Amino acid sequence: MRNEQINSRVYNSLRNFSKTETKRLHKLKDKEEKATIETSMDAVTRLHLFKWINQGIFDRVEGIIATGKESAVLNAVSDESGEKFAIKVYKTSLTEFKNRSEYVKDDFRFKNPRGVLKIWAEREFMNLTRMAKVGLPCPVPVKLKRHLLVMSLIGEQGVAAPRLKNIDWEFYTLEERKDIYQQVQDIMCRMYKECNLVHGDLSEFNLLLAEGKVYVIDVSQAMDLSHPRNLHYLTRDIENVLAFFQKLEIPDLPTSVALFNLITDLAMSEEESLLVQVEQFSEDNRAHQINKSKPADFEWAAYNKEKKELRGESPAREYN
């Protein structure tokens, strides 16, 4: 293996960050958060971070923005440009990803568990790339390496934007709440119609608000419309979004069926269960959409085509 030389600036940044995170770990009371950080910030992860510092992508990793069962998100900054970055570090344990079989059981990309972590990061990178190309409000992907994804930081004055879940809505007028709902509705429509994507896990937990603008995040599980169950996940996204905004007492929200029809341009009936209609529609059209013996073939082909295209024109060329 070729020896890598790390200059003093990178070494000092590495040492300071390691000390800071070590102290933070000792103070953590949440066992799940501690486990996530420990499994994310291993030696390989640190090595890639320091290589990026050495390359001048950013100069410092300042701390942790958020943690979850599957990943930790770090805050990094470039001293020269002042630009802020979010670095998503996927857990190096396969346990949580295996538990998310509902998203990948029909996807041949995940038949080999050894490739799950890398492909999950690739999938988020490519979904964000597809969304950013059409101008959807989302983090802009910058760099990808194995299970690490660097993207632009969504926030104000270098501070990460809050999730809709964590906002104190008492300080927002009814008109402002209506506008925020409309932005979310527009995001769902544009993801479907312009990006051919369904988020698959959309809720107030992965929608951010910065300077009055809504941004969508966490799109690793987002699926192409060729996925055999994309309409089922869209239905769940719709129900989650409407349930949240109903709690904010926004009047005249559309029904689930009306929003579904707006997004898909289909004509589901208000008189029947949306989920039942989606099941029937999917069954009736399955033969025209996919090969029944291999239900993820279309998405698999689209994935390989998109990956090949990205290699030549984006940081995704560093796939390994």
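Each remark here, short or long, concerns the structure printed above.
Bear in mind that the values here come from a model prediction, so they are computed numbers and not experimental data. (Residues numbered from 1 in each chain as written. Predicted model: local features only at pLDDT ≥ 70, side-chain atom pairs only at ≥ 80, totals over all residues. Heavy atoms only, no water.)

## Remarks on the packing of helix α7 (residues 174-193) against helix α9 (residues 256-264)
Any two packed helices are characterised by how steeply their axes cross, that is the angle between the axes, and by the distance between the axes. The condition is simple: Axis lines are fitted to C-alpha atoms, over the contacting stretch for helices. Their N-to-C directions set the angle, which ranges from 0 to 180 degrees. Secondary structure counts use DSSP, requiring at least four H or I residues in a row for a helix and at least two E residues in a row for a strand, with both numbered from the N terminus. In these notes the angle categories are as follows: under 35 degrees is roughly parallel, over 145 is roughly antiparallel, 65 to 115 is roughly perpendicular, and the rest is oblique. Contacts are assigned to residue pairs that have any heavy atoms within 4.5 Å of one another. We call Asp, Glu, Lys and Arg charged. Ala, Val, Leu, Ile, Met, Phe, Trp, Tyr, Cys and Pro are nonpolar, and the rest, Gly among them, are polar.
Look at α7 against α9: their axes get within 8 Å of each other, and the N-to-C directions meet at 45°. In terms of their interaxial angle, α7 and α9 are classed as oblique. Mapping the contact onto sequence places Y181, Q185, M188, C189, Y192 and K193 in α7 and L259, L262, I263 and T264 in α9. Split into classes, the residues belonging to the contact of α7 with α9 amount to seven nonpolar, two polar and one charged.

## With respect to the pairing of strand β10 (residues 213-216)
Where we set the bar: If DSSP finds at least two bridges between two strands, the strands pair.
In terms of strand pairing, strand β9 (residues 207-210) meets β10 through four bridges, oriented antiparallel. Bridging across to β10, A210 finds its partner in K213.

## Thoughts on helix α8 (residues 230-247)
Test applied: Helix span, as expected, comes to 1.5 Å for every residue beyond the first. Accessible area is worked out with a 1.4 Å probe on protein chains only. A residue is then buried under 20% of its type maximum, exposed over 50%, and partly exposed in between.
The end-to-end C-alpha distance of α8, which contains 18 residues, comes to 26 Å, matching closely the 26 Å that a straight helix rising 1.5 Å per residue would cover. Taken together, the buried positions of α8 are occupied by N230, L231, H232, Y233, L234, T235, D237, I238, V241, L242, F244 and F245.

## Details of the packing of aromatic side chains
Defined as follows: Side-chain rings of Phe, Tyr and Trp (the six-membered ring for Trp) are treated as a pair once their centres are within 6.5 Å; stacked means planes under 30 degrees apart, edge-to-face means over 60, and tilted covers the remaining angles.
According to the stated counting rule, one finds six aromatic pairs in the structure shown. On the basis of an interplanar angle of 50° and a centroid distance of 5.1 Å, the ring pair of W169 and Y172 is categorised as tilted. Counting every residue linked through ring pairs, the aromatic cluster contains W169, Y172, Y181, F244 and F245.

## As for helix α3 (residues 43-55)
In this model α3 runs 18 Å from its N-terminal to its C-terminal C-alpha over 13 residues, within 8% of the 18 Å that 1.5 Å per residue would give. Within α3, burial applies to T45, H48, L49, F50, W52 and I53. In the stretch just after α3, G56 is the one whose phi turns positive, near 85°.

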